Amino acid sequence: MQCCISKTTVDKFVDFLETTYNLAVQYKNTASGKKSANELVMEWLRHEKYDGLTSGWTTLIGGVDGDWINFAKGKKHAMFDQFADPHFCGQAVETDHLGASMNAVLRYPPLAYPYVNRGDFGGWGGDLSTLYAEWSHAGKPSRSWVKDMIIGNAGSFKLLDAIEDADAFNMGVVLSNLPARAIHEIAKEYYKPKGGYRTRFSAFHRKRFTDREHARTLAREMLTGPGNSSPGNEDAIIPLLRTAAIKKDGILTPLPSTLSAAELASFLDGFVDALEELAKDKGKEC
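Predicted, not measured: the structure shown is a model, and the values here were computed from it. (Residues numbered from 1 in each chain as written. Predicted model: local features only at pLDDT ≥ 70, side-chain atom pairs only at ≥ 80, totals over all residues. Heavy atoms only, no water.)

### Quick notes on the nonpolar core
Stage number 1. If you look at the biggest cluster of nonpolar residues, it comprises 83 residues, and the most contacted ones within it are Trp68, Leu98, Trp124, Tyr191, Phe267 and Phe271.
Stage number 2. Apart from residues lying up to four places away in sequence, phenylalanine 271 is in contact with Trp124, Leu128, Val146, Ile150, Phe157, Phe209 and Ala219. (Core = buried A, V, L, I, M, F, W, Y, C linked by side-chain atoms within 4.5 Å. Buried < 20%, exposed > 50% of the residue type's maximum accessible area, 1.4 Å probe, protein only. Contact = heavy atoms within 4.5 Å.)

### Considerations on empty space enclosed by the protein
Rolled over the atoms, a probe as big as a water molecule pinpoints where empty space is left.
Stage number 1. For the coordinates displayed, the defined rule picks out 3 cavities of 30 Å³ or more.
Stage number 2. Forming the boundary of the largest cavity are Trp124, Ile150, Phe157, Ala162, Phe201, Phe204, His205, Phe271, Ala274, Leu275 and Leu278.
Stage number 3. Only α10 (200–209) and α13 (261–278) provide two or more residues apiece to the lining of the largest cavity.
Stage number 4. Per element, the largest residue contribution to the lining of the largest cavity is 4 residues, and it comes from α13.
Stage number 5. When grouped by side-chain class, the residues that make up the lining of the largest cavity number 10 nonpolar, 1 polar and no charged.
Stage number 6. What the second largest cavity holds in volume is close to 40 Å³.
Stage number 7. Lining of the second largest cavity is provided by Ser101, Val105, Gly119, Gly123, Trp124, Asp165, Ala168 and Phe169.
Stage number 8. Contributing elements (two or more residues each) for the lining of the second largest cavity: α5 (95–107), α6 (118–137) and α8 (159–177). (1 Å grid on protein atoms, 1.4 Å probe; cavity = no way out; pocket = protein on both sides within 12 Å on 5 of 7 lines; lining within 4 Å. Points joined across faces, edges and corners; volume = space filled by probe spheres on them. Helix = DSSP H or I, 4+ residues; strand = E, 2+ residues; numbered from the N terminus. Nonpolar A, V, L, I, M, F, W, Y, C, P; charged D, E, K, R; others polar.)

### Examining the environment of lysine 247
Stage number 1. You can see lysine 247 is positioned in the loop between α12 (237–246) and α13.
Stage number 2. Taking relative accessible area as the criterion, lysine 247 reaches 31% and is therefore assigned partly exposed.
Stage number 3. Between the C-alpha atom of lysine 247 and that of threonine 130, which follows or precedes it by 117 residues, the distance is 8.6 Å.
Stage number 4. At a separation of 2.8 Å, a polar atom in the side chain of lysine 247 contacts the main-chain carbonyl oxygen of threonine 253. (Polar contact = N/O pair within 3.5 Å; in protein donor to acceptor, adjacent residues only side chain to side chain.)

What is shown is where atoms sit, not what they do.
Shown next, in the form of structure tokens:
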């Protein structure tokens, strides 16, 4: 439960992105790194929580530029923790998760069906893995349990996580395809009144999952497949981090690959049910 929702508007977050971007441009003028100013902004958002070997993020997408972080700190640059979501009253978007997941999508844009990659795992795939562990611990309940967890406010893959995963994917793909655009420009368009955030889930569903059959297959691949760096080339990092996510609480949890298709069916169907419900983009007014 979120008891203390930030009243900070999304407009202030967009302004913060612009300030951070301009600072990143200053840094790039004095450094020789190859990372874009957009990626440096994402690294600033994620550097406190989504970095390092313990978190798994350095293994997943690499570490942040430490010189950049020190440069920004030297300029007394602040963090911007959260902002009130403009479409779902009561949800405060956590900018570190948003930035980390966007960084993953930027580094690893989505592959063609039916492959999943590190960009997927850095967003919806990682959340799906931890939700699978919760589902297993709960005794493998019905598909409605899975759906209710995702569209509700409890668990490791709740509505807020889905919001952040969708926004990170939608904006990250744009920045991957249009690298000359600045992150704050894309965010300003996305979060403007009646902007892309109002159809975030239908866009996310259409661009990544296409339809029910595709979504179910991608979810199964994320939970049981090898993961891929490119079509036909497997990526050992995804099974490694998936297992770590599922077993992170030290509980003896059977991996999804050990379940029969019938046993895993209710979990997969519940996930797809949630995607389709969210894709209606109803939102919630205050």
